[in-house]
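Residues per chain, in single letters:
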Amino acid sequence: MPQSPPLSSASSSSAVSASGSSPGRRRTSPPLHSTLLREDFDEVLESEVFVDVNKLRKYARHGIPDEIRGEVWKYLLGVEKPDR
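Just so you know, these numbers come straight off a predicted model, no measurement behind them.

About the cut-offs
Residues numbered from 1 in each chain as written. Predicted model: local features only at pLDDT ≥ 70, side-chain atom pairs only at ≥ 80, totals over all residues. Heavy atoms only, no water. Helix = DSSP H or I, 4+ residues; strand = E, 2+ residues; numbered from the N terminus. Buried < 20%, exposed > 50% of the residue type's maximum accessible area, 1.4 Å probe, protein only. Contact = heavy atoms within 4.5 Å. Areas by Shrake-Rupley, 256 points an atom, 1.4 Å probe, with all protein chains shown as cover. Arc of directions from axis to C-beta. pLDDT = per-residue confidence, 0-100.

### Side note on the overall build of the chain
In step 1: In terms of helices and strands, the chain carries four helices and zero strands.
In step 2: Reading the secondary structure of the chain in the N-to-C direction produces α-α-α-α.
In step 3: The buried share of the chain, taken over its 84 residues, is 17%.
In step 4: Counting only contacts in the chain whose residues sit at least 6 apart along the sequence, the fraction spanning at least 24 positions is 48%.
In step 5: In the form shown here, the chain has an accessible surface area of approximately 7200 Å², with 54% of it arising from carbon and sulfur atoms.

Here's what the structure looks like:
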């Protein structure tokens, strides 16, 4: 039975970590647009009469902040009613 050749050291040194980023990169504070995005979501979710699902859908296309992801998805999936 033929043996496969050993991996070269060049191929193993260029591997990316399991997280998909290079080992020297660190997360920094969220960019300004994500802060504005959170404020936009809060404005829609804290409405006193009606949660505008169309606005939530529009904002969600740019990402949903982790802290409110569950609440937003309840409206997007129709689990929560948009009227209060």
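Having seen it, we continue.
### Looking at helix 3 (residues 53-60)
In step 1: Those residues of helix 3 lying buried are V53, L56 and Y59. Taken down its axis, helix 3 places every buried residue within 125° of arc, on the same side.

### Things to note about the confidence of the model for the chain
In step 1: With 57% of its residues at a pLDDT of 70 or more, the chain shows a mean pLDDT of 77.
In step 2: Across the chain, the secondary-structure element scoring lowest on mean pLDDT is helix 1 (residues 9-13), at 48, and the one scoring highest is helix 4 (residues 69-76), at 95.
In step 3: Confidence drops under pLDDT 50 across residues 10-17; counting only partners more than four residues distant or on other chains, this segment forms one contact.

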